[in-house]
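Remarks on the overall topology
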Amino acid sequence: MNEHSLRTLEFTKIRQRLAQYTFFSASQALALALQPSTDRQAVAARLAETTEAARLLSVHSSASVGAARDVTDLATRAEKGGIIEPVELLDIVSTLAAGRVLRNIVSRQARELPRLARMAGKIVDAPRLEQAVVRCISKRGEILDTATPALQRIRNELKAAHDRLLRRLEDLIQSAEFRTMVQEPIITMRDGRYVIPVKAEFRGEVPGIVHDQSGSGATVFVEPMVTVDQNNRWRQLQLEERDEIERILRDLATEVSAAADILRANVAALAELDVALAKARYSAAIGGVEPQLAPADQSRPLLDLRDARHPLLVGNVVPISVRLGEEVWALVITGPNTGGKTVALKTVGLLTLMAQAGLHIPAAEGSQVRIFRGVYADIGDEQSIEQSLSTFSSHLTNIIGILKEADAESLVLLDELGAGTDPAEGSALARAILLRMLLVGATSIIATHYPELKAFAHSTPGVQNASVEFDPETLAPTYRLTIGLPGRSNALAIASRLGLDPAILSEARSMLNPDHAQTEALLTRLQDEYEAARSEREAARREREEAEQLRTSLSQDWEHIEDERARICEEARATVEAELRDVRQRLRAALAAAESASRPEILRAAAEVRALPEVL
């Protein structure tokens, strides 16, 4: 991809936004280095990864790489024989633990998240290293007494020696012999050895080694001779402790070196997973969707962006819809300045780059992108003072470079093509450049003010007009992009609204070329007809929605009626069946009685039978 175009279309800013959603330095570096791919399978895989990550976050919103760190430098240092500090060893353990947690979360949904599961499957445990670090290092990054038997013995002796030394010094400064000689009854330290503050006039009366004196010279700090051996023993044990700790750290560094390849593989896998999750978080932030990819077997694949929004714009962003490919592969956008032409170009280009980088795009469901081999853009003020180039020259230099590379697999975006020079020559040059784009088959979007390009687009196969709308009443752009209709000139309307002398306006209109006036009048009628048609379509849409709502309501009512009818029938059937059961029981009872009864009783039973309901 053309680096100049990546900057022009602000893809670099998208990478920076994406990096803000990563959790550690390794994944942040991957996000900042993200590049659009031109391989269709790679693009499809990346988009699927982002969608899977979004699915994972919908179930586990807190899923992340946790406290993972980029420990690859530590692994390399250990391989070279270097020491790994305790806090760094804790970072290694945290990274191993974070990888294990995320791997387990993903593996539980491996069927739904096959791509993420493959990434997570690269994460490997290093139990020997973890156990060694946990055995030796506390959670606060301190070497535990129990790290080795030797360290525990040394520290026990060190504590005992320290306590003996302090007790001996306490006895000295509290004794009647020394009480008047010390400046204060305290024990302090100089040069790593315990001393007592002695008044300067008594320095010769306290046998010992002078290590320091106060700024005023009134106090000297003396290590009493009677404690020198104890100080020496305490200091010796400190050195033994230091040597034992260094030996422990070297042993742990050896364990790190043995697991160096595992650590590097885990960091790489965690970085990939973190970038995928960052893409999903960024997708949620911009309201992104996974775009469809145009079939690879089409001669001119379709680019179809529906209700697309520029992801870097904030506030009430007006969406645009663009469809290029099939019979139309070049779009000429006209309209006023600040009306949204440049935003439209950047939106199409940036969303294409985002999709090819595996990012979701802020657009409606059903949007489709195609894979371009190259995306080229010439947008904005390209004046170069250093190279003594005018805006026109700088633009033309960029366009010449684009023309050398553009082909049928390219997307070319040119803003204000031919501007900055004589209008007649600029217009002719713009048409010739657009014609070359058509001949090589490049998918192109051109923004221009030249009316000649409107006519060219109208009469040339493969090219279509489009316009950004402007409200002459409010003097404000609407930012809506209308496909199929060229933009109108609004200079005189704006001048009139701003209060320019009507005589001057009249004079200006009289100077217009009659063909230009007819064209503007035609565009005005077309715009009015378009607005009327859009209003009718909107009214028809609302009527369809109302009819659909009515149909749904009637359908629900009918279902309710059917349910009620079925309920009533069921209740009636149950009532009839109950009555039948009662009648049968009475009949059987009557017949049984008749068999054993006298004649009068038979007559009474027959009368009862005749009185039974007809339903029998």
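1. Remarks on the overall build of the protein chain
A count of helices and strands for the protein chain gives 20 helices and 14 strands. When burial is assessed residue by residue, the protein chain has 41% of its 616 residues classed as buried. Considering only contacts within the protein chain whose residues lie at least 6 apart along the sequence, 69% involve residues at least 24 apart. Approximately 32700 Å² of the protein chain is accessible, and the part contributed by carbon and sulfur atoms is 52%.

2. Section: the sheet that holds strand β3 (residues 208-213)
Pairing is antiparallel in the open sheet, where four strands are placed in the order β1-β2-β4-β3. With one partner strand each, in any of the chains shown, β1 (188-190) and β3 form the two edges of the open sheet. In this sheet, neighbouring strand axes are inclined to one another by 50° on average, regardless of whether the strands run parallel or antiparallel. Where strand β2 (residues 193-199) meets strand β4 (residues 219-224), four bridges bridge the pair, whose relative direction is antiparallel. What sits directly across from isoleucine 196, in β4, is valine 222. In the packing of helix α9 (residues 149-174) onto the sheet, contacts are made with β2 and β4, and the angle to β2 comes to roughly 10°.

3. Some words on the pattern of salt bridges
Tallied over the full model, the rule gives 34 salt bridges. Through salt bridges with shared partners, one network takes in Arg100, Arg103, Asp125 and Glu130.

4. With respect to the pairing of strand β11 (residues 410-415)
β11 sits mainly inside the fold: six of its six residues count as buried. Burial along β11 is two-sided: the residues Ser410, Val412 and Leu414 and Leu411, Leu413 and Asp415 are all buried. In this sheet, β11 lies alongside strand β10 (residues 374-378) in parallel orientation, the contact comprising five bridges. Among the inter-strand pairings, tyrosine 376 is bridged to a residue of β11, identified as valine 412. Alignment of β11 against strand β12 (residues 443-448), held across five bridges, turns out to be parallel. The residue bridging valine 412 from the neighbouring strand is serine 444, located in β12. A crossover connection joins β11 to the parallel β12 through helix α15 (residues 423-440); in handedness this β-α-β unit is right-handed.

5. Description of helix α5 (residues 72-79)
Turning to α5, its buried residues are Thr72, Leu74, Ala75 and Ala78. All buried residues of α5 project into a common sector of 160° when viewed along the axis, lining one side. Lining the buried residues of α5 we find α6 (86-107), α11 (228-258) and α12 (260-286). The first or second residue beyond α5 is glycine 81, which carries a positive phi of 90°.

6. What to know about the packing of aromatic side chains
As enumerated under the stated definition, the model contains two aromatic pairs in all. On the basis of an interplanar angle of 50° and a centroid distance of 5.9 Å, the ring pair of tyrosine 21 and tyrosine 282 is categorised as tilted. Taken together, the residues span a long stretch of sequence, with tyrosine 21 in the loop between α2 (11-19) and α3 (25-32) and tyrosine 282 in helix α12 at a distance of 261 residues. Given a relative accessible area of 3%, tyrosine 282 falls into the buried group. Plain terms: the ring middles of tyrosine 194 and tryptophan 234 are 5.0 Å apart, the flat faces sit at 35° to each other, and that makes the pair tilted. Placement of the pair is tyrosine 194 in strand β2 and tryptophan 234 in helix α11, with a sequence separation of 40 residues. The burial state of tyrosine 194 is the same as that of tryptophan 234; both residues are buried. One residue, arginine 300, lies across the ring of tryptophan 329, its end atom 3.8 Å from the ring centre.

7. Some thoughts on the side chain of threonine 448
Secondary-structure assignment places threonine 448 in strand β12. We classify threonine 448 as buried; its relative accessible area is 1%. Side-chain polar atoms of threonine 448 contact the backbone nitrogen of tyrosine 450, separated by 3.0 Å. Apart from residues no more than four positions distant in its own chain, threonine 448 is found in contact with Val332, Ile333, Thr334, Gly335, Lys341, Glu416, Leu417 and Leu453.

8. Description of the environment of alanine 68
Here alanine 68 lies in the loop between α4 (40-59) and α5. Distance from alanine 68 to leucine 96, taken between C-alpha atoms, is 7.5 Å for residues 28 residues apart in sequence. Discounting chain neighbours no more than four positions away, the residues touching alanine 68 are Phe24, Thr95, Ala98 and Leu270.

9. A closer look at a nonpolar patch on the surface
On the surface, a nonpolar cluster with roughly 270 Å² of combined accessible area is contributed by Leu435, Leu439 and Val440. Within the secondary structure, leucine 439 is located in helix α15. According to the relative accessible area criterion, leucine 439 is exposed, its value standing at 67%.

Procedures and definitions
Residues numbered from 1 in each chain as written. Predicted model: local features only at pLDDT ≥ 70, side-chain atom pairs only at ≥ 80, totals over all residues. Heavy atoms only, no water. Helix = DSSP H or I, 4+ residues; strand = E, 2+ residues; numbered from the N terminus. Buried < 20%, exposed > 50% of the residue type's maximum accessible area, 1.4 Å probe, protein only. Contact = heavy atoms within 4.5 Å. Areas by Shrake-Rupley, 256 points an atom, 1.4 Å probe, with all protein chains shown as cover. Pairing = 2+ DSSP bridges. Axes fitted to C-alpha atoms, helices over the stretch in contact; angles between N-to-C directions. Salt bridge = Lys/Arg side-chain N within 4 Å of Asp/Glu carboxyl O. Right-handed = clockwise from strand over helix to strand, strands pointing away. Arc of directions from axis to C-beta. Phe/Tyr/Trp six-rings, centres within 6.5 Å; stacked < 30°, edge-to-face > 60°. Lys NZ or Arg CZ within 6 Å of the ring centre and 35° of its normal. Polar contact = N/O pair within 3.5 Å; in protein donor to acceptor, adjacent residues only side chain to side chain. Patch = residues over 30% accessible without salt bridge, like charges linked within 9 Å, V, L, I, M, F, W, Y side chains within 5 Å.

All we've got here are geometric facts, nothing functional implied.
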